Amino acid sequence: MALAVLVATVSVLPLAAARAPLRVTVSISPYADIVARLGGELVSVSTLLPPGASPHSFDPTPSQAAGLARAELIVMNGGVDGWLARLVAATAPDVPTVVVMERVDVDPPGAGHGPGGEPEESYAGHAGHEHAGINPHVWLDPTLMLAAAEVVTEELARLDPANGGAYHAALGRLRADLLALDAEIAATLAPVRGAPFVPFHDAWPYFAERYGLDLVLSLEPFPGREPSPRYVAEAVAAVRAAGAKAVFAERQLDPRSAEVVAESAGVALATLDPIGGAPGPTDYESLLRFNAATILAALR
């Protein structure tokens, strides 16, 4: 009888000792996919930015603020999601936080200016970021996303050392996937390499530099704020002078400025998606493939 009780107790111990999934909160969808692939069943991932919303104008709900304190790891980009930095400081100051822009070495793309010298979007003043002033849209370059994944892997392994080997093995698989994706996107966009590229806002300099697109200007230099009539007129002139075949709106932002420029310049209008999330692309590879295919179709 005693032996049976001992056996039953031993058989239950592994289940009782099993660790609950690590609770990870991320700011935007691309990082949710990366963290989920690194952690698998070892992590539970929640995303704060809802699909279709812009990180530049998002205002978290009280329930999201309350839930943040229950996270065991927070992953944010920096720059575009300054609202999360403020939320962490107010509600979860002791939760380990990875700010990608503070942990990844970034070679800034060339500084952009509007057609009349009006500055493109400024990222200076986003509190506490070592890379303040540098364009933060690094996730749209898969080689920089790989560097971010390496940082997240180290943090997951630090918080859950018993499963460190599993996280690093997943990173190896993800590294192969992202390098293959990089080569695929380069091949997709090879027919339009060097083509004039006119995106909606300044989300695309890393992508454009990586894949050889000639980023002429951004149509809306400050996301969420319509450009001045003068800027729009000068943008139309710049689009015509560059010989661009299309301009691009974005799923998360009001397309009116892009529609006006496209109609006035007599060029096509297409829509990109820098963030993803249902009903758009829900994983990182699909996000970059969607954008590459859209650019190819519009510029070829």
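For every chain, the first residue of the written sequence is number 1, and numbering continues from 1 along that sequence. In keeping with the model being predicted, local features are shown solely for residues with a pLDDT of at least 70 and side-chain atom pairs are shown and tallied solely at 80 or more, while totals for entire chains, interfaces and linings include all residues. With hydrogens and water set aside, each side-chain value is computed from the structure's full complement of heavy atoms.

**Student:** Go over the pairing of strand β2 (residues 43–47), please, and point to the residues and values.
**Tutor:** For a regular strand, side chains alternate in direction, first toward one face of the sheet and then toward the other. At least two bridges found by DSSP between two strands are what make those strands a pair. Going along the chain from the N terminus, every DSSP run of H or I of four or more residues is numbered as a helix, and every run of E of two or more is numbered as a strand. In this structure, strand β1 (residues 22–26) lies alongside β2, joined through five bridges in parallel fashion. Counterpart to Arg-23 in the pairing with β2 is Ser-44. Whether a crossover is right-handed comes down to one check: with the strands pointing away from the viewer, does the path from the first strand over the helix to the second run clockwise; if it does, it is right-handed. In this fold, β1 hands off to helix α2 (residues 29–39), which returns the chain to β2; that crossover is right-handed.

**Student:** Explain the packing of aromatic side chains residue by residue, including any values.
**Tutor:** Aromatic pairs are defined between Phe, Tyr and Trp rings, using the six-membered ring for Trp, whenever the two ring centres lie within 6.5 Å; interplanar angles under 30 degrees are classed as stacked, those over 60 as edge-to-face, and all others as tilted. According to the stated counting rule, one finds five aromatic pairs in the structure shown. With centroids separated by 6.4 Å and ring planes inclined at 85 degrees, the aromatic side chains of Phe-197 and Trp-204 adopt a geometry described as edge-to-face. The buried label goes to any residue with under 20% of its type's maximum accessible area, the exposed label to any with over 50%, and the partly exposed label to all in between, with areas taken from a 1.4 Å probe on protein chains only. Judged by its relative accessible area of 0%, Trp-204 is buried. Three or more aromatic residues link up through ring pairs in this structure, and these residues are Phe-197, Trp-204, Phe-207, Tyr-211 and Phe-248.

**Student:** Explain the side chain of Asp-182 to me, and be specific about the residues and the numbers.
**Tutor:** The topology assignment puts Asp-182 in helix α7 (residues 164–189). Any pair of nitrogen or oxygen atoms within 3.5 Å is treated as a polar contact; in protein, a donor-acceptor pairing is required on top of that, and neighbouring residues in sequence qualify only through side-chain atoms on both sides. A distance of 2.6 Å separates polar atoms of two side chains, one belonging to Asp-182 and the other to Arg-210.

**Student:** Hey, could you go over the sheet that holds strand β4 (residues 97–99) for me, with residue numbers and the actual values?
**Tutor:** Ordered by their spatial adjacency, four strands build an open sheet running β2-β1-β3-β4, and the pairing between neighbours is parallel. Bordering the open sheet on either side are β2 and β4, each of which pairs with just one other strand. Sheet twist, expressed as the average angle between the axes of neighbouring strands with direction ignored, equals 20 degrees. The strands touched by helix α6 (residues 142–159) within the sheet are β1, β2, β3 (73–76) and β4, with β3 carrying the most contacts at an inclination of about 175 degrees. Angles here are taken between N-to-C directions and fall from 0 to 180 degrees, while the axes themselves are lines fitted to C-alpha atoms, restricted in helices to the stretch in contact. Two residues form a contact once any of their heavy atoms are found within 4.5 Å.

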